[in-house]
Amino acid sequence: MNRPLTSCAITGPLKSAAPDYAAIVSSLLYQSGALGMKIEATENCSNNAALSFEFKTPHTTPITCNVTRWGDSSKQASVTENIMQAACGLMSVHGRASGKSQPLGLNYVSTLTAALALQGGVSASIGQLRGLSVSNSNVSMASAALLSMGQYIAGATTSESHESSGPRHIPHPACLPFISLDGVLFELETLDAGPWQKFWSEIGVSSAVAGKGWTAFLLRYAKAISPLPDELFGAISNITYHRISQICARTGMAICPVRSINDRAQDEDSRHVWLQGPWEFLFETRLKDGRSSPSTDNLPLSGLTVIESCRRIQGPLAGHLLALLGAEVIRIEPPGGDPLRSMPPIAGDCSARFDALNRFKTIREVDIKSLAGQTEVKELVQRADVFLHNWAPGKAVLLNLDHEDLAATNPSLIYAYAGGWATDSTAHSPSSQMPGTDFMAQAYSGIAKKIAETSGTHGGSLFTILDVLGGVVAAQGITIALLNRCMNNMSAKVTSSLMSAATLLCADDFQSLYELPGSGSASKSIIDTIYATKQGKIAVECRDLKTAVRLAEALGAAIVIEEDNFEHCLSDLFLSRTADEWVGIFEHAGVPSAVVIEDLADLQTMAHLRPALSPGAYTKVNSPWSFK
């Protein structure tokens, strides 16, 4: 188990931070511990408006890492995980399939924020080692939340073909997963229309209905809805899970039951993955000369080159983050370009969703299946610092572009694989018939069931939570490997996956299941509800009795905590003012609240979110980091 940062440390008042940052601190401590870092807790925090810690290496001056709530320093109102999900539109996107805005039930924004904050410290240290005068890295919870929303915001704000967003625009529930005759919840997956048509044909569904279903099925990754024809649900609900599995095997469809986190914890590799952290590092070559080449600009990774050969979301987002840190990212696409470039809505001459993840990259069209294309990739790699791919397991070996091949070409290379499962070897996947996609990983990892328990649904989220977090984890692992190369002159292979991202997202759950010190569930908030107002909706959360009393005083109401569903008794009081008016009142009263953003186009009108966004042909999400 390789821990690349054993000589590094984080120090600060982490355990006395404001309650807003508790989940961020928990994830930060888990990630730092998994990397082998020393954790040095100092005394009480003097500033509850921000979480601040220092990232230290033996070769640099300490980097001060600041985490704030909002990107706008003038707004530092108290927030919770769910309040931030409401304010940045995440509740809206997650709720599209069910027809109502609702929280994920996971510390999602907090986990993203912790990963980005740690990566900021790592990146700034790389910058110092490469000659930059940088001592501070800054990130906000809001910028992390908006980063996760990038492709959805792009789709909702294109000037040429504005795309309606928000639960109210969905005419009927568009939910997965499926349910068998014997009551098993499960996900189906295929990346090709052929198996889809064969599967439904064998079940007895007409090709016309199956074709309509295929179009809706593909919508999941882009729009977070999947309005499948009722005939599909009806047909499959009359068949047992065992028989459905047999049909899948014959037709090439993949199937996965919705498992619990407890189920996942019983897997042979689960405890190892949790202890290891979301990355696996393999250090093999000690270089004769370090690769701390001078920075060519004012960003930490400027002057470094990344070769990226990735599809969909996870890998491209990882490359996008490295580009935001200053790296030159050369993206390899097949001859004719990536087909997703033409996915509506279009901004200018490119898909807005695609551009949101790839706009800073240089494109090279290469047929990697040909010998000439493989030679061209190796020539690019000779001058590169990082090679990143998310190909299907086993494909790298078939293409003669696996770690051993490229390390022979460039011994100093950081070789990165961003997979669905834990490895790029087919022999070690949970199922050789199971594509490593977001929704299959949600079902297999226990994430889907945890979301379902909070949302009151059967399955997980059609918001691509693991693709996004997996992309952040992949970029983070690459940056950590680059820092290790700068300090110890070692190249590396770094592997991350959707499954390892799921473990990171539920790290506290696994700690509790394994009955390890420090485990324990967080207390439930007294009030955590979305209310309708005179205009718009508002999310309100009161963690404790004191906050609930302040809420009652602001509403002018007498509150009796002991009454069942007492929070719903407040509903009528909210109708007297607009959501914006109530947020202003509650901010003054110290009650966490936010307007629930249902139309993502409204994000760019919010003053406290504007620093993180750039208007144009579509609204772009800016870098989550700033360095000084």
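What you see is a predicted model; the values in this text were computed from it and never measured.

K.L.:
Would you take a moment to explain the overall build of the protein for this structure?
P.N.:
Per the secondary structure count, the protein includes 25 helices and 23 strands. Here the protein, with 628 residues, has 58% of them falling under the buried criterion. Partitioning the intrachain contacts of the protein with sequence separation of at least 6 by distance along the chain shows that 76% fall at a separation of at least 24. Per element, the accessible surface of the protein, about 23900 Å² overall, is 50% carbon and sulfur. The averaged location of the 59 negative side-chain charges in the protein is 3 Å from the averaged location of its 48 positive side-chain charges.

K.L.:
I would appreciate a short explanation of the packing of helix α23 (residues 545-555) against helix α25 (residues 579-589) in the present structure.
P.N.:
A pair of packed helices is characterised by two quantities: the angle between their axes and the separation of those axes. In contact at an axis separation of 10 Å, α23 and α25 are set at 135° when each is read in the N-to-C sense. Taken together, α23 and α25 sit at an angle that is classed as oblique. Crossing handedness for the pair α23 and α25: right-handed. Here Arg550, Leu551, Ala554 and Leu555 of α23 lie close against α25, whose contacting residues are Trp582, Ile585, Phe586 and Ala589. Of the residues in the contact of α23 with α25, the class split is seven nonpolar, no polar and one charged.

K.L.:
For this particular structure, what's the right way to read the pattern of salt bridges?
P.N.:
Opposite charge on two side chains permits pairing when their charged atoms draw close. Per the stated rule, a full pass over the model turns up 18 salt bridges. Its salt-bridge partner being Lys56, residue Glu40 comes within 3.8 Å of it at the nearest N-O pair. Of this pair, Glu40 sits in strand β2 (residues 38-41) while Lys56 sits in strand β3 (residues 50-56), placing them 16 residues apart in sequence. A relative accessible area of 34% places Glu40 in the partly exposed class. Relative accessible area serves as the criterion here: at 27%, Lys56 is assigned to the partly exposed category. Note that Arg341 is salt-bridged to Glu333, the shortest N-O span being 2.9 Å.

So, how was this worked out
Residues numbered from 1 in each chain as written. Predicted model: local features only at pLDDT ≥ 70, side-chain atom pairs only at ≥ 80, totals over all residues. Heavy atoms only, no water. Helix = DSSP H or I, 4+ residues; strand = E, 2+ residues; numbered from the N terminus. Buried < 20%, exposed > 50% of the residue type's maximum accessible area, 1.4 Å probe, protein only. Contact = heavy atoms within 4.5 Å. Areas by Shrake-Rupley, 256 points an atom, 1.4 Å probe, with all protein chains shown as cover. Lys, Arg positive; Asp, Glu negative; His and termini not counted. Charge placed at Lys NZ, Arg CZ, Asp CG, Glu CD. Axes fitted to C-alpha atoms, helices over the stretch in contact; angles between N-to-C directions. Parallel < 35°, antiparallel > 145°, perpendicular 65-115°, else oblique. Left-handed = near helix turned anticlockwise from the far one by under 90°. Nonpolar A, V, L, I, M, F, W, Y, C, P; charged D, E, K, R; others polar. Salt bridge = Lys/Arg side-chain N within 4 Å of Asp/Glu carboxyl O.

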